[in-house]
Amino acid sequence: MRKFTLTLSAAALALGGATIAHADHHGGKRGANPDADGDGIVTLAEHNAQVGKMFDRMDLNGDGLLNKADREARQAQRFAKMDTDGNGELSQAELKAAREARAAKMGERRAKMAERGGKRPDGEMRGPGGRRGPGGLGMMLRGADTDGDKSITRAEFEAAAAKRFARMDADGSGGITAEERKAAHEAMRARMQERRQQRPAD
């Protein structure tokens, strides 16, 4: 079968939206649940612990920054995983296998959600397109780079996460309930719908 070499970014695109960006590197185990004690309320302490783990997973080179170097490292990892024969190229067969593996994982997630009646595990923070949390981690990251240097420090990351927590904690109790998570998610969906409706007029 004809083989061809792809750049790392092109290979990711070939998988259908799997390009590497900060929003997709929340390091993440998908479905990570910050509600450590399972009481249905995500406390600030639980939230902060999850945020720290998330930053560590995203900071692939361990330099204390989230930036282009980490994105490129993630791209390299994904390319290497797809390049099953290790020859530095991706064949049509390897691309097909990667797409099928991705589809299989998505199918498993849908099946698990169906078993739960279409609900995600309580406490799971997800946003549109698989991004965790109302508003999505990607939105948080876009606003986290407060000095505009295209790198996000741990302090910037934690500050952005704290603002997001405060917005979700509507009653200021120091914990986010299932009702508050639902309300935040619905508000996020409404904002996204408004943006979609406004695009043709722009």
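Going along each chain's sequence as written, the residues are numbered from 1 onward. Predicted model: local features are reported for residues with pLDDT of at least 70 only, side-chain atom pairs are reported and counted for 80 or more only, and whole-chain, interface and lining totals are derived from all residues. Side-chain measures were taken over the full set of non-hydrogen atoms in the model, leaving aside hydrogen atoms and water.

Caption draft 1: Inspection of the overall build of the protein at higher detail. Going along the chain from the N terminus, every DSSP run of H or I of four or more residues is numbered as a helix, and every run of E of two or more is numbered as a strand. Looking only at helices and strands, one finds seven helices and six strands in the protein. Order of helices (α) and strands (β) in the protein, N terminus to C terminus: β-α-β-α-β-α-β-α-α-β-α-β-α. In this description, contact between two residues means that some pair of their heavy atoms is separated by no more than 4.5 Å. The contacts in the protein between residues at least 6 apart in sequence include a share of 65% that link residues at least 24 apart. As presented, the protein carries roughly 11,600 Å² of accessible surface, and 53% of it is formed by carbon and sulfur atoms. Computed with a 1.4 Å probe, the accessible areas rest on the Shrake-Rupley method; for each residue, only the protein chains presented here act as cover.

Caption draft 2: Region of interest: the nonpolar core. Grouped together as the largest cluster of nonpolar side chains are eleven residues: Val51, Met54, Phe55, Met58, Leu66, Leu141, Ala144, Ile152, Phe157, Ala160 and Ala161. Those elements that provide at least two residues to this core are helix 2 (44-58), helix 5 (136-144) and helix 6 (154-168). Counting residues per element, this core draws most heavily on helix 2, at four residues. Here, nonpolar core refers to any group of buried Ala, Val, Leu, Ile, Met, Phe, Trp, Tyr and Cys residues whose side-chain atoms link them within 4.5 Å. To sort residues, take the accessible area from a 1.4 Å probe on protein chains only and compare it with the maximum for the residue type: under 20% means buried, over 50% means exposed, and anything in between is partly exposed.

Caption draft 3: Structural detail: the packing of helix 2 against helix 6. Note on geometry: axes are C-alpha line fits, over the in-contact stretch for helices, and angles between N-to-C directions span 0 to 180 degrees. Direction vectors running N to C along helix 2 and helix 6 enclose 140 degrees, while the axes themselves pass 10 Å from each other. Here helix 2 is positioned oblique relative to helix 6, judged by the angle of their axes. In terms of crossing hand, the pair formed by helix 2 and helix 6 is right-handed. Residues Leu44, His47, Val51, Gly52, Met54, Phe55, Asp56 and Met58 of helix 2 touch helix 6, and the partners they reach there are Arg154, Phe157, Glu158, Ala161, Ala162 and Phe165. To sort the angles, those under 35 degrees are grouped as roughly parallel, those over 145 as roughly antiparallel, those from 65 to 115 as roughly perpendicular, and the leftovers as oblique. It is the rotation of the near helix from the far one that decides the hand of a crossing: anticlockwise by less than a right angle makes it left-handed, clockwise makes it right-handed.

Caption draft 4: Helix 3 (residues 68-82), seen in detail. Here a helix's expected span is defined as the number of its residues, less one, multiplied by 1.5 Å. When the terminal C-alpha atoms of helix 3 are compared, their 21 Å separation across 15 residues agrees well with the 21 Å that a helix rising 1.5 Å per residue should span. The complete set of buried residues in helix 3 reads Asp70, Arg74, Gln75, Phe79 and Met82. By the N-cap criterion, in which a side-chain oxygen at the helix start approaches the backbone nitrogen of a residue two or three places on, helix 3 is capped by Asn67, the distance to Ala69 being 3.1 Å. For the purposes of these results, a polar contact is taken to be a pair of N or O atoms within 3.5 Å, where, inside protein, one atom must be able to donate a hydrogen and its partner to accept one; residues adjacent in sequence count only when each atom of the pair is a side-chain atom.

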